[in-house]
Amino acid sequence: PFIVNIIHSVKGYHSKTIHFLNVAFDSSGDSLLAGDHQGNIYVFDLNGNRFNLVQRTMQACTALAFNLHRKTEFLVALADYSIKCFDTETKELVSWMKGHDSSVSSISVHGSGRYAITTSTDTAQLWDLDTFQRKRKLNVRQSVGIQKVFFLPLSNTILSCFKDNSVFAWEFDTLHCKYRLPTPVEGSVLLYKVFAVTRDGQIFVAGGKSNHLHLWCLQTKQLKRIIQMPAKVRAVRHLEFLPDSFDGGSNQVLGVLSQDNIMRFINIETCKLLFYIGSHEEGISTAAVSSNGRYIASVMENGSLNLYSVQALVQEGNKPPPPMFKVKDWSKCTSEENKQAMRVTSGRSEWPWKSKGSKIQTRLLKLQVNSSLENKENELPGGLNKKRLQALLKGFGEYPAKYRMFVWRSLLQLPENHLAFSSLIDKGTHSAFVNIQNEYPIKSRKLLRVLQRTLSALAHWSDIFAETPYIPLLAFPFVKLFQNNQLICFEVVATVVVNFCQHWFEYFPNPPVNVLSMMENVLAHHDKELLQHLIKYKVTSQVYAWPLLETLFSEVLTREEWLKVFDNIFSNHPSYFLMIAVAYIICSRAPLLHCNQTADFEYFFHHRNNLDINVVIKKAYHLMEATPLDTHPQRVLDDFIPLTKGQYPVFNKYPTFVVDYQTQERERIRQDEIEYLRERQLAHELEAKAQERKAEDEAWYRKQELLREAEEQRRKMLLEEEEKLAEQKQRLAAVKRELKVKELQFLDASRRRFLKYQQDQRQMELKRLDDEIARKASMREQETAATVQDVEVRRLELESQRQLFEQHLIKDQEAVTKEVKEEVDAHRRKVDLEDHLVQRLMEIEREEKQKVAEENLTKAEQKRVDTDWRLQALHKLRHDDQNREKHYEEIAKILHDNRVKEAELLKTMREAGGKKWEEVRQKKAQLEEEQKAAAAADEHRKQFLEDRMNDALELAEKLQREDGYFGEGIDNTVLLCHVGMKHSATEYKPSVQY
């Protein structure tokens, strides 16, 4: 039931078959690598249904690995004990690794694809697949021997298995021993030869020259189960777990290749045979399972290669005769009653997740999926875990120096975009960094070239970096650190700029005042005294914080301290970078509090200081935890975002108009310089031509002089006229010569004057532009000052208006309060008088009735009492009249004052304008209604009292008729009271007018 059977045969006089020896799948499971005993390496594309011969090594291969970091590369172990790395696309040799003294039996590749372990009988070696250098070597005594050393899947643990059945687990980063599996159970004679581990690294299976399989739980380090194969299985030659995309890595199906060349696939939980491949006639030599669990590739005993479909094998349900399995569960107790054995026959082929007992497994699967989702953000591309790295960092304070670069590349998740970086490098040196050696004279020419290339690549990536003056300071530490790998250097600097320099360029060309303000807020929260000291001496954050940020602490830290600091920065949120700068300032508070000069502060933050960097790092972690959310930089800064793969992201988080303007200005200045140089060269050429012309003229004059002398010698006998003519010609030539010289001088002076004029014009234009800029700046400052003054005047006007309005309100409130108080007092006095009169009437009636009832018995006594009472009543009335007169005078005075204040109030309200008149009219109407209501109430009370007085008078007249003397006294008393009451009622009339 295989998909395809591959046979490599050579036809000729003696036809023969070339045997395949090893096979390996790639990380995707869609490509197959196979090698034969002649050294031919083939790649089979299972999706494209084609194959390709990628290498001829001319010697047999002993092991293959096709799951490297670079997908087109593979490792092959050869018969000469060497390991070679080839590329399937270019078919070229990438590296040649030597170091083994015996045949390499296995190659194990780390989950990241960057490291590999090769194992032979006497040694195991750890290789770095980026540099192809050997990192570690495991040597053992010859009497012990190594069976296999391999990486546990999805972890940083190395498992080493020796021939004495000992199994050790090692930490990959430090190579410290994590644990050792205990000795197998007593009575077991199984010697471990072959091994397999589930994808989640929890179950470890070992087998050997026995029909027993030992299942170990690596989490508890205990032997979980012993599976006994049928009696026909006498030895196990190969073990392979069958992965599935739905089991969460806890593989349940195990392939067991025995000495009878049949590979049986069993369920390690239900102990049922699912299917098998191979037979006694067509036996299997070795096999490999694809990572996606879809294919099984087996190398047959006859040298051919079979490819099986797992789905077809399950559906067809081929199986051997029903075997018997014995399963023994082992716990911590080794007593017989804790041992469990059961006998299971093979049934219908079924997957473990389709069995009846699949509920528990489904629940475990969900838990694993959830945990994988929760830890997804902590998984790094190098197979590392961020939380584990942070725990390691907190424990040791720094990463190991040998693995620091690898850890950094994993933490920063560098994409290694070779093509994109090559395109940036191919653009050449950027014009902004052509003369960088003048500004940064570096002794090492190599370091200077790497710095120039890195800065040019950054400038070609984004224009802002060509204009940023501090970008060389920021990039230089990484350039010095990664000078042998320019791609990594560029991507590290770019990642630092994108993530740890967030919001730095929003105020370009000024420093990032927003970031500095966040740092100042954190410093104010944690050390207000130090901040007040800095403010006192006018030391801003651009003095005490910006030098640390723009140089990335390279000026104030040594190399070891700097590496330790950036171990912590790369392992935390980008806000930790700002926190460690604040921590450096706080930890330096003692020397800073003694500084009182600005130059001292500047010197302090530009030079190394005696400071324990471990204390600074711990302080930064404390600030990360103790800073409140409203001032924490983490609220503003985004989480870490790695560079994108393939192409680098667009970086435009800066004011483009400023950068464009500076670029245009630089280009204009460069063009002016070129024009100036061209004109200077032209002037030099003209001057040279003038000198050449002058030399030619002088030579010509010399020739003329010689000719003239010759003519004089030959014509001595000429006439005097000819001599005069010759003299005239000589004078004419001299004049012409002088004119020519003057003409050349004039031309030269004119040219120089024109050049000076052009230069002066340019200087005047620049000066005019500077004056225009200064004038606009001063106008802007004047406008700002005038606006501030206008705002201040407006504020004063509003303040005065508010105070005036408050005074008016206070006056109005006082007037109304007095009026209400007067009305209340008047009303209270009126009520008291009325109550007094009513009480008097009640007493009069009661006394009259009593006197009428007892007049015959107490006449004499009554006369005396009446006389005393009359005298007392008259005295009280007189005293009450005096008090009332005084009270009326006070009321009259208060009313007069009220009228004066009301007049002032009317005047003030009249000045306030017509806005208040409607309110005044409403208040006046309301007051009149209240006065009418009060008058009606007073009239009603007056009528009531008059009625009661009339009743009293009628009663008095009736009593008078019955007894004249007693009636006369009562009449006088009542009459007196009545007159007093009327007098009071007449005089007490409250008057409130507006």
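Bear in mind the structure is a predicted one, so any value in this text is a computation, not a measurement. (Residues numbered from 1 in each chain as written. Predicted model: local features only at pLDDT ≥ 70, side-chain atom pairs only at ≥ 80, totals over all residues. Heavy atoms only, no water.)

Some points on the overall build of the chain
Working step 1: Counting its regular elements, the chain contains 24 helices and 32 strands.
Working step 2: Across the chain, the fraction of contacts at a sequence separation of at least 24, relative to all contacts at a separation of at least 6, is 56%.
Working step 3: Surface accessibility of the chain: about 58,000 Å² in total, with carbon and sulfur atoms responsible for 53%. (Helix = DSSP H or I, 4+ residues; strand = E, 2+ residues; numbered from the N terminus. Contact = heavy atoms within 4.5 Å. Areas by Shrake-Rupley, 256 points an atom, 1.4 Å probe, with all protein chains shown as cover.)

Considering the sheet that holds strand E15 (residues 133-139)
Working step 1: Overall, antiparallel pairing links the four strands, which are arranged E12-E13-E14-E15 in an open sheet. Bordering the open sheet on either side are strand E12 (106-109) and E15, each of which pairs with just one other strand. In this sheet, neighbouring strand axes are inclined to one another by 20° on average, regardless of whether the strands run parallel or antiparallel.
Working step 2: Of the strand pairs in this sheet, strand E13 (residues 115-119) and strand E14 (residues 123-128) are connected by five bridges, and their pairing is antiparallel. (Pairing = 2+ DSSP bridges. Axes fitted to C-alpha atoms, helices over the stretch in contact; angles between N-to-C directions.)

Topic: the pattern of salt bridges
Working step 1: Considering all chains together, one arrives at 30 salt bridges under this definition.
Working step 2: One salt bridge connects Arg 404 with Asp 567, and the closest N-O pair in it is separated by 2.9 Å. Taken together, the residues span a long stretch of sequence, with Arg 404 in helix H4 (residues 404-412) and Asp 567 in helix H15 (residues 559-570) at a distance of 163 residues. Comparing Arg 404 with Asp 567, the two get one shared label, buried.
Working step 3: Via salt bridges that share partners, Arg 70, Glu 73, Arg 114, Asp 130, Arg 409 and Glu 416 belong to a single interconnected network. (Salt bridge = Lys/Arg side-chain N within 4 Å of Asp/Glu carboxyl O. Buried < 20%, exposed > 50% of the residue type's maximum accessible area, 1.4 Å probe, protein only.)

Examining unusual backbone geometry
Working step 1: The phi dihedral of Glu 416 is positive, around 55°, even though this residue is not glycine.
Working step 2: Here Glu 416 shows up in the loop between H4 and helix H5 (418-426).
Working step 3: Not every positive phi belongs to a glycine, and Phe 553 is a case in point at roughly 65°.
Working step 4: Within the element layout of this structure, Phe 553 appears in the loop between helix H14 (546-550) and H15.

Overview of the nonpolar core
Working step 1: Counting residues in hydrophobic clusters, the biggest one holds 119 residues, and the most contacted among them are Trp 408, Phe 478, Trp 504, Leu 549, Trp 562 and Phe 570.
Working step 2: In terms of residue count, the dominant contributor to this core is helix H16 (residues 575-587) (11 residues).
Working step 3: Summarising the domain contributions, this core has at least three residues from each of domain 1 (19-141) and domain 3 (506-637).
Working step 4: Excluding residues that lie within four positions of it along the chain, Phe 478 makes contacts with Trp 408, Cys 489, Val 492, Val 493, Val 496, Leu 552, Trp 562, Phe 566 and Phe 570.
Working step 5: In this structure, Leu 152, Leu 181, Trp 216 and Leu 223 belong to the second largest nonpolar core, which totals 18 residues. (Core = buried A, V, L, I, M, F, W, Y, C linked by side-chain atoms within 4.5 Å. Domains from an automatic or database assignment.)

A look at the packing of aromatic side chains
Working step 1: All told, the structure shown has 40 aromatic pairs when counted by the stated rule.
Working step 2: Pairing Trp 700 with Tyr 701 gives two aromatic rings, centres 5.1 Å apart and planes at 65°, and the pair type is edge-to-face.
Working step 3: For Trp 700, a relative accessible area of 44% translates into the label partly exposed.
Working step 4: Lys 84 extends its terminal NZ or CZ atom over the ring of Trp 96, reaching a point 4.1 Å from the ring centre.
Working step 5: Against the face of Trp 96 rests Lys 98, its NZ or CZ located 4.2 Å from the ring centre. (Phe/Tyr/Trp six-rings, centres within 6.5 Å; stacked < 30°, edge-to-face > 60°. Lys NZ or Arg CZ within 6 Å of the ring centre and 35° of its normal.)

As for a nonpolar patch on the surface
Working step 1: A grouping of Val 816, Val 820 and Val 824 is seen on the molecular surface, where their side chains present a nonpolar patch of about 230 Å² in accessible area.
Working step 2: In this structure, Val 824 sits in helix H21 (residues 720-854).
Working step 3: Its relative accessible area of 45% is what places Val 824 among the partly exposed residues. (Patch = residues over 30% accessible without salt bridge, like charges linked within 9 Å, V, L, I, M, F, W, Y side chains within 5 Å.)

A closer look at helix H7 (residues 445-461)
Working step 1: A rise of 1.5 Å per residue sets the reference length of H7, with its 17 residues, at 24 Å; its end C-alpha atoms lie 24 Å apart and thus fit the reference within 8%.
Working step 2: H7 sits mainly inside the fold: 12 of its 17 residues count as buried.
Working step 3: Taken residue by residue, H7 has Leu 447, Leu 448, Val 450, Leu 451, Gln 452, Thr 454, Leu 455, Ser 456, Ala 457, Leu 458, Ala 459 and Trp 461 as its buried positions.
Working step 4: Turning to H7, the residues buried within the fold contact H5, helix H6 (436-439), helix H8 (464-467), helix H9 (471-481) and helix H10 (486-500). (Expected span 1.5 Å × (residues − 1).)

Some points on the pairing of strand E19 (residues 177-180)
Working step 1: For strand E18 (residues 167-171) and E19, the ladder comprises three bridges, and the chain directions are antiparallel. Note on E19: the bridge partner recorded for Trp 170 is Cys 177.
Working step 2: If you look at the hairpin formed by E18 and E19, you'll find five residues sitting between the two strands, and Leu 175 has a positive phi there, around 60°.

Remarks on the side chain of Ser 106
Working step 1: As for its placement among the helices and strands, Ser 106 is situated in strand E12.
Working step 2: With residues up to four places along the chain from it excluded, the contact list for Ser 106 reads Ala 63, Ile 117, Thr 118, Thr 119, Lys 148 and Val 149.

A few points about the environment of Arg 449
Working step 1: Along the polypeptide, Arg 449 turns up in helix H7.
Working step 2: With 20 residues separating them along the chain, Arg 449 and Thr 429 place their C-alpha atoms 9.8 Å apart.

What about the packing of helix H11 (residues 513-526) against helix H12 (residues 528-536)?
Working step 1: At a minimum axis separation of 5 Å, H11 and H12 run at an interaxial angle of 125°. The orientation of H11 relative to H12 falls into the category oblique. Here H11 contributes Glu 520, Leu 523, Ala 524 and His 526 to the contact with H12, which in turn contributes Lys 528, Leu 530, Leu 531 and Leu 534.
Working step 2: Of the residues contributing to the contact of H11 with H12, the split by class is five nonpolar, one polar and two charged. (Parallel < 35°, antiparallel > 145°, perpendicular 65-115°, else oblique. Nonpolar A, V, L, I, M, F, W, Y, C, P; charged D, E, K, R; others polar.)

Details of the pairing of strand E5 (residues 31-36)
Working step 1: Burial analysis of E5 places six of its six residues in the buried class, which makes it a mostly covered element.
Working step 2: Going residue by residue along E5, you find Ser 31, Leu 33 and Gly 35 tucked away on one face and Leu 32, Ala 34 and Asp 36 tucked away on the opposite face as well.
Working step 3: When strand E4 (residues 20-25) meets E5, the two strands line up antiparallel, connected through five bridges. When the sheet's bridge partners are listed, Val 23 is paired in E5 with Ala 34.

Observations regarding the sheet that holds strand E1 (residues 2-6)
Working step 1: Pairing is antiparallel in the open sheet, where four strands are placed in the order E1-E30-E29-E28. A strand with exactly one partner marks an edge of an open sheet, and here the two such strands are E1 and strand E28 (284-289). The sheet shows a mean angle of 20° between the axes of neighbouring strands, direction not considered.
Working step 2: The sheet contact formed by strand E29 (residues 295-300) and strand E30 (residues 305-309) spans five bridges and is antiparallel. Across the sheet, residue Ser 298 finds its bridge partner in E30, namely Asn 306.

Brief notes about the confidence of the model for the chain
Working step 1: On average, the chain scores 80 in pLDDT, and the residues at 70 or more come to 84%.
Working step 2: Per-residue pLDDT stays below 50 along residues 318-374; that stretch engages in 93 contacts with residues further than four places along the chain or on separate chains. (pLDDT = per-residue confidence, 0-100.)

A closer look at a negative patch on the surface
Working step 1: On the surface, Glu 720, Glu 721, Glu 722, Glu 723 and Glu 727 cluster together to form a negatively charged patch.
Working step 2: The residue Glu 723 is located in helix H21 in this model. (Lys, Arg positive; Asp, Glu negative; His and termini not counted. Charge placed at Lys NZ, Arg CZ, Asp CG, Glu CD.)

Notes on H4
Working step 1: Of all nine residues making up H4, eight are buried, and the element is well covered by its neighbours.
Working step 2: Here H4 has its buried residues at Arg 404, Phe 406, Val 407, Trp 408, Arg 409, Ser 410, Leu 411 and Leu 412.
Working step 3: Buried residues in H4 make contact with E13, helix H3 (386-396), H9, H10 and H15.
Working step 4: Trailing H4 by a residue or two, Gln 413 shows a phi angle of about 55°, which is positive.

A short note on the environment of Phe 195
Working step 1: Its place among the elements puts Phe 195 in strand E20 (residues 192-197).
Working step 2: On the basis of relative accessible area, Phe 195 is assigned to the buried category, the value being 6%.
Working step 3: Measuring from C-alpha to C-alpha, the distance between Phe 195 and Ala 206 comes to 4.6 Å, with 11 residues separating the pair along the chain.
Working step 4: Once residues within four sequence positions are removed from consideration, Phe 195 is found in contact with Gln 147, Lys 148, Phe 150, Cys 161, Phe 204, Val 205, Ala 206 and Leu 239.

Regarding the packing of H5 against H10
Working step 1: Close contact between H5 and H10 brings their axes to 11 Å; oriented N to C, the two are set at 90°. Taken together, H5 and H10 sit at an angle that is classed as roughly perpendicular. Judged by residue contacts, His 418, Phe 421 and Leu 424 of H5 engage Gln 486, Leu 487 and Phe 490 from H10.
Working step 2: Classifying every residue of the contact of H5 with H10 gives four nonpolar, two polar and no charged.

Details of the environment of Ser 105
Working step 1: With respect to the helices and strands, Ser 105 occurs in the loop between strand E11 (93-97) and E12.
Working step 2: Residue Ser 105 is classed as partly exposed on the basis of its relative accessible area, which comes to 46%.
Working step 3: Through-space distance from the C-alpha of Ser 105 to that of Leu 64 is 9.5 Å; in sequence the pair is 41 residues apart.
Working step 4: Ignoring anything within four residues of it in the chain, the contact list for Ser 105 reads Thr 62, Ala 63, Thr 119, Ser 120 and Gln 147.

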